[in-house]
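Descriptive structure summary
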Amino acid sequence: MHDEYVAVTRFADLDTQRHVTSRTYEQFALEGRYRVLAKLGLSLERIQNENIYLEAIAGYSKFHRQQFPGAQLKVQTLVAVPFGHSDQGLLHWDQKIFDQAGELVCHLQLKTRTTKGGAPLELDGIEAAENLEVLYADLPPWSGHNERIVSLYTMPYSDRDFAGRYNVAALWRIFEEGRWMFAEKTGMTYERIVELDTTSFYMGSICNYLAEVPAGRSLQIMTWIERVEKIRYYFRQDVMHNGKVLLSMRDEQLIVSLSKARPQRASEKFLGFIGKYLEHTALA
């Protein structure tokens, strides 16, 4: 089962780096997923009346080309049932977003469980696939070998969707806040970036959605650096409530020289700055 439509970016989609924020692409992808459900006969009215929902389990994202307002993007959605899981309501979504020149802008994958009133729902009309290219994975728990930054964050009630829950784009906001708070609490100011001659660009991530995020409650965002590999480092975040991990994410960050405006290996100064937050130093 597949779907294709055209989405247009807006000025409202720009972030502080002056390009379209990653959450916009996930919002486009969400529209694609519900367009597929509509093709299967699941109208919005039926979805609401029968309490049908796509529960996110794990996801992957990779961003290839920055976009700006007014870009017409083609959103392609493919969905399949993971082989042997048709009775569990599990679906594998593979979504690609292209620019007008046909160049890949963003690649998203998401594993979901379709539920009806909280119970797994098998959907007819979707083929089972034995050999899927799966790019998301189960993330390892924190080893305890390093320090972590602890930040508090309260999820706004108003970010909930039609079902009174938080969709993937809304959950990504937590991780965006976590990155900013990590930078603030470690003293990664612009002056420090200039001193280290090092900045980084967010390239993509893997996320595990382990439990529902409660509305209006104080969450703990635990942030640290998992490892450094040549010109990349991998940033980790766990979102917790009452001692339970609700969400876990690994970001891929490209290390860039500020003065040369090109990728570079992590410098000794940079490694020294992040040292106590680095989980696996053997890979640095």
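About the thresholds
Residues numbered from 1 in each chain as written. Predicted model: local features only at pLDDT ≥ 70, side-chain atom pairs only at ≥ 80, totals over all residues. Heavy atoms only, no water. Helix = DSSP H or I, 4+ residues; strand = E, 2+ residues; numbered from the N terminus. Rg over C-alpha atoms; globule rule 2.2 N^0.38 Å. Buried < 20%, exposed > 50% of the residue type's maximum accessible area, 1.4 Å probe, protein only. Contact = heavy atoms within 4.5 Å. Areas by Shrake-Rupley, 256 points an atom, 1.4 Å probe, with all protein chains shown as cover. Lys, Arg positive; Asp, Glu negative; His and termini not counted. Charge placed at Lys NZ, Arg CZ, Asp CG, Glu CD. 1 Å grid on protein atoms, 1.4 Å probe; cavity = no way out; pocket = protein on both sides within 12 Å on 5 of 7 lines; lining within 4 Å. Points joined across faces, edges and corners; volume = space filled by probe spheres on them. Nonpolar A, V, L, I, M, F, W, Y, C, P; charged D, E, K, R; others polar. Expected span 1.5 Å × (residues − 1). Polar contact = N/O pair within 3.5 Å; in protein donor to acceptor, adjacent residues only side chain to side chain. Pairing = 2+ DSSP bridges. Core = buried A, V, L, I, M, F, W, Y, C linked by side-chain atoms within 4.5 Å.

When helices and strands are counted, the protein chain shows five helices and 13 strands. Relative to the 2.2 N^0.38 estimate, which gives 19 Å for 284 residues, the radius of gyration of the protein chain is 20 Å and therefore close to what a compact globule would have. Seen through its C-alpha atoms, the protein chain measures out along the principal axes to roughly 60 × 45 × 40 Å. Here the protein chain, with 284 residues, has 49% of them falling under the buried criterion. Excluding contacts between residues fewer than 6 apart, the proportion of contacts in the protein chain whose partners are at least 24 apart in sequence is 72%. Surface accessibility of the protein chain: about 14,400 Å² in total, with carbon and sulfur atoms responsible for 49%. Averaging the coordinates of the 33 positive side-chain charges in the protein chain and doing the same for the 36 negative ones gives two points 4 Å apart.

This part is about the side chain of threonine 114. In this structure, threonine 114 sits in strand S5 (residues 104-116). If we ignore the near neighbours within four places in the chain, the residues touching threonine 114 are Ile52, Tyr53, Leu54, Gly89, Leu91, Ala119, Pro120, Leu121 and Leu123.

Turning our attention to empty space enclosed by the protein. Evaluated as defined, the whole model comprises one cavity of 30 Å³ or more. Its volume calculated, the largest cavity comes out at about 90 Å³. Lining the largest cavity are 17 residues, with Glu26, Gly59, Tyr60, Gln109 and Trp172 sitting closest to its centre. Contributions of two or more residues to the lining of the largest cavity are made by helix H1 (22-39), strand S2 (52-63), strand S4 (90-98), S5, helix H3 (168-186) and strand S9 (199-209). Sorting elements by how many residues they give to the lining of the largest cavity places S9 first, with four residues. Here the residues of the lining of the largest cavity sort into ten nonpolar, five polar and two charged.

Taking 1.5 Å as the rise per residue, H3 with 19 residues should run 27 Å; its terminal C-alpha atoms sit 27 Å apart, in good agreement. Of the residues that open H3, the one with a side-chain oxygen 3.2 Å from the backbone nitrogen of alanine 169 is asparagine 167. One or two positions beyond H3, positive phi appears at glycine 187, with a value near 80 degrees.

What follows is about H1. Here H1 is 18 residues long and its end C-alpha atoms lie 27 Å apart, about the 26 Å a rise of 1.5 Å per residue gives. Looking at the residues trailing H1, positive phi occurs at glycine 41, about 95 degrees.

Turning our attention to unusual backbone geometry. Comment: phi is negative for the bulk of residues other than glycine, and the bulk of peptide bonds are trans. The phi dihedral of asparagine 242 is positive, around 55 degrees, even though this residue is not glycine. Positionally, asparagine 242 belongs in the loop between strand S11 (232-241) and strand S12 (244-257). Positive phi, close to 55 degrees, is recorded for alanine 261, a residue that is not glycine. Its location among the elements puts alanine 261 in the loop between S12 and strand S13 (262-263).

This paragraph deals with the pairing of S9. The sheet contact formed by S2 and S9 spans five bridges and is antiparallel. Opposite alanine 58, over in S9, you have asparagine 208 as the bridge partner. Judged from the ten bridges that link them, S9 and S12 form a sheet pairing that is antiparallel. From the neighbouring strand, glycine 204 faces S12, where its bridge partner is glutamate 252.

With that settled, consider the nonpolar core. If you look at the biggest cluster of nonpolar residues, it comprises 50 residues, and the most contacted ones within it are Ile174 and Leu247. In terms of residues, this core owes the most to one element, H3, which gives seven residues. Leaving out residues up to four positions away in the same chain, leucine 247 has contacts with Leu171, Ile174, Phe175, Asn208, Tyr209, Ala211, Val213, Gln237, Asp238 and Val239. Residues Phe182, Phe270, Phe273 and Tyr277 belong to the second largest nonpolar core, which totals 15 residues.

This paragraph deals with the pairing of strand S10 (residues 218-229). Walk down a regular strand and you will see the side chains alternate between the two sheet faces. Burial analysis of S10 places nine of its twelve residues in the buried class, which makes it a mostly covered element. Inspection of the sheet shows strand S8 (residues 149-154) paired to S10 by six bridges, in the antiparallel sense. Of the residues in S10, the one forming a bridge with isoleucine 149 is threonine 223. Bridge count for S10 against S11 is nine bridges, and the pairing is antiparallel. Considered in S11, the bridge of isoleucine 221 is made with valine 239. The antiparallel hairpin formed by S10 and S11 contains two residues in its connecting segment, where lysine 230 sits at a positive phi of about 55 degrees.

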